[in-house]
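# What the coordinates show
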Amino acid sequence: MWDSLWINGRLATMREGAVPYGTIEPGAIAVEGSRIAWVGPVGELPRRTARNIHDLDGRWVTPGLVDCHTHLVYGGDRAQEFERRLNGATYEEIAKAGGGIRSTVTATRAATEASLLASATERLKPLLAEGLTTIEIKSGYGLERDAEIKQLKVARALGERHPVTVRTTFLAAHALPPEYEGRPDEYIDAVASKMLPAAHAAGLVDAVDAFCERIGFTAAQTEKLFRAATSFGLPVKIHAEQLSDQKGAVLGTRYGALSADHLEYLGEDGVQAMANTGTVAVLLPGAFYFLRETKLPPIEALRKAGVPIALATDSNPGSSPVTSLLLMLNMGATLFRLTPEETLAGITRNAAKALGLGGSIGTLQAGKRADFAVWNIDRPAELTYRIGFNPLYQRVWQGKPDAKVAGEPRLQPEPVAAANAG
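This one's a predicted model, so the numbers in the text were calculated from it and none came from an experiment. (Residues numbered from 1 in each chain as written. Predicted model: local features only at pLDDT ≥ 70, side-chain atom pairs only at ≥ 80, totals over all residues. Heavy atoms only, no water.)

## Some words on the overall build of the protein
A count of helices and strands for the protein gives 15 helices and 18 strands. For 422 residues, the compact-globule formula gives about 22 Å, and the C-alpha radius of gyration of the protein, at 22 Å, lands near that figure. Dimensions along the principal axes, computed over C-alpha positions, put the protein at roughly 75 × 45 × 45 Å. Across the 422 residues of the protein, 58% fall into the buried class. Contacts spanning at least 24 positions in sequence make up 72% of the contacts within the protein whose residues lie at least 6 apart. Of the charged side chains in the protein, 45 are positive and 47 negative; the average position of the first set lies 2 Å away from that of the second. (Helix = DSSP H or I, 4+ residues; strand = E, 2+ residues; numbered from the N terminus. Rg over C-alpha atoms; globule rule 2.2 N^0.38 Å. Buried < 20%, exposed > 50% of the residue type's maximum accessible area, 1.4 Å probe, protein only. Contact = heavy atoms within 4.5 Å. Lys, Arg positive; Asp, Glu negative; His and termini not counted. Charge placed at Lys NZ, Arg CZ, Asp CG, Glu CD.)

## Brief notes about the packing of aromatic side chains
All chains considered together, the criterion is met by seven aromatic pairs. Aromatic pair F288 and F336: ring centres 5.1 Å apart, planes at 75°, arrangement edge-to-face. Here F288 is found in helix α10 (residues 285–290), whereas its partner F336 is found in the loop between α12 (325–334) and α13 (340–346), with 48 residues between them in sequence. This pair shows no difference in class: F288 is buried, exactly as F336 is. Among the aromatic side chains, those forming a connected cluster through ring pairs are Y180, Y187 and F217. A cation over an aromatic ring shows up here: R59 above the ring of Y393, its NZ or CZ 3.7 Å from the ring centre. For R386, the ring lying beneath its charged end belongs to F389, and the centroid distance is 3.6 Å. (Phe/Tyr/Trp six-rings, centres within 6.5 Å; stacked < 30°, edge-to-face > 60°. Lys NZ or Arg CZ within 6 Å of the ring centre and 35° of its normal.)

## So, the UniProt feature "binding site: 4-imidazolone-5-propanoate" (unreviewed entry) in the protein
Mapped onto the present numbering, the UniProt feature "binding site: 4-imidazolone-5-propanoate" (unreviewed entry) falls on R78, Y141, H174, Q242 and S319. Lining residues of the largest cavity, restricted to the annotated ones just named, are R78, Y141, H174, Q242 and S319. Positionally, R78 belongs in the loop between β6 (65–67) and α1 (79–86). Taking relative accessible area as the criterion, R78 reaches 4% and is therefore assigned buried. With sequence-adjacent residues up to four places away left out, R78 is seen in contact with G100, I101, S103, T104, P317 and G318. Positionally, Q242 belongs in the loop between β10 (237–240) and α8 (248–254). (UniProt positions renumbered as here; feature names shortened; annotations may be inferred. 1 Å grid on protein atoms, 1.4 Å probe; cavity = no way out; pocket = protein on both sides within 12 Å on 5 of 7 lines; lining within 4 Å.)

## Structural notes on the pairing of strand β8 (residues 165–173)
Among the nine residues in β8, eight count as buried, and that is most of the element. With three bridges joining them, β8 and strand β9 (residues 207–212) adopt parallel strand pairing. Pairing of A173 across the sheet is with A210, part of β9. A crossover connection joins β8 to the parallel β9 through helix α6 (residues 184–201); in handedness this β-α-β unit is right-handed. (Pairing = 2+ DSSP bridges. Right-handed = clockwise from strand over helix to strand, strands pointing away.)

In structure tokens form, the structure reads like this:
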């Protein structure tokens with residue numbers, strides 16, 4: 001007996017193949033515990049019973065949404081820097097003057113775990129309300145051992161207190177803290193030999209990231225950290241080619257990077273290296289828009305090379321104060337010329353790959369986690385097409401449905417036979 005059965009839906013399974021969106025209609029999803037037990041056409045349902053049957057009434061179902069690049073936990077805000085940029089200052093000018101990431105570091109170091117948890121919770125809520133089921137959260141605003149660990153603890157707490165899967169990424173190599181001014185090599189040594197081991201020993205690190213850029217860290221400094229990550233068996237990710245081509249993506253692929261993120265200045269060598277290793281290209285249209293960038297990532301080259309393309313909010317206080325994955329769908333299409341199917345794959349199947357979770361989430365398939373979202377839409381392209389539009393009907397995380405957004409689905413609480421069990 002299945003725990004639950006969802007019938008009469010239109011399923012955008014997001015499995016790769018000839019059928020757009022991997023569509024099955026009318027389709028059904030059977031759930032046992034936290035996993036999908038069966039998915040397919042209603043007419044092919046096995047002769048099984050279910051404790052609960054949910055009639056989807058023709059609604060669309062997609063995999064649960066995945067935000068694979070965020071900086072959700074931080075103190076303060078940077079509204080004043082936003083104003084400065086509108087008055088002509090560049091992102092690099094603000095950073096070199098002690099603003100940017102460093103200003104958030106000051107606020108984050110001063111904040112308590114409780115206050116960081118409270119503010120991050122408010123940023124998480126709108127994402128959950130849009131069908132989010134998995135989120136990556138980076139550190140990188142502490143830049144010293146205890147403050148980095150504080151951020152990671154808060155990120156873990158979000159996953160313990162809310163129905164969402166949280167993956168934590170250690171990003172102490174995000175910026176040079178003021179106490180290490182002029183001594184970046186010494187700082188990277190401290191990150192690799194002291195901070196990372198402490199965070200890993202506390203069980204707080206799922207992956208390691210670095211900002212490889214002119215205003216961040218060199219490829220050589222980044223590689224020193226990646227060697228340390230590899231010694232702990234931790235996967236790596238990399239902020240690469242956002243402002244210039246520092247060959248960060250190529251470096252990342254040498255260490256089997258799960259993803260390379262931003263990529264506006266990615267060269268052909270980086271595209272080919274990513275294609276060869278399966279490293280996911282995580283594009284961040286919120287930051288592109290917010291910083292008024294004009295240099296587009298090499299979308300067509302990534303397409304032709306078969307590099308998986310993901311989208312994420314990059315939710316952070318300075319360059320992408322965004323808490324809407326649905327908005328990223330529209331921006332990915334309008335700014336980067338991705339198709340609606342590519343954008344949806346970018347926050348489901350490919351976003352899951354960018355977190356190393358492609359085997360357990362990201363598509364609607366038997367054996368994968370029962371994370372999915374039910375929508376009041378006529379076609380999947382509506383999710384990308386409309387702006388300021390949240391048609392979520394219901395979110396299901398690990399087989400457990402949230403309260404319905406738009407009324408109760410029909411539910412039969414007694415065990416009944418599946419639709420075609422004669």
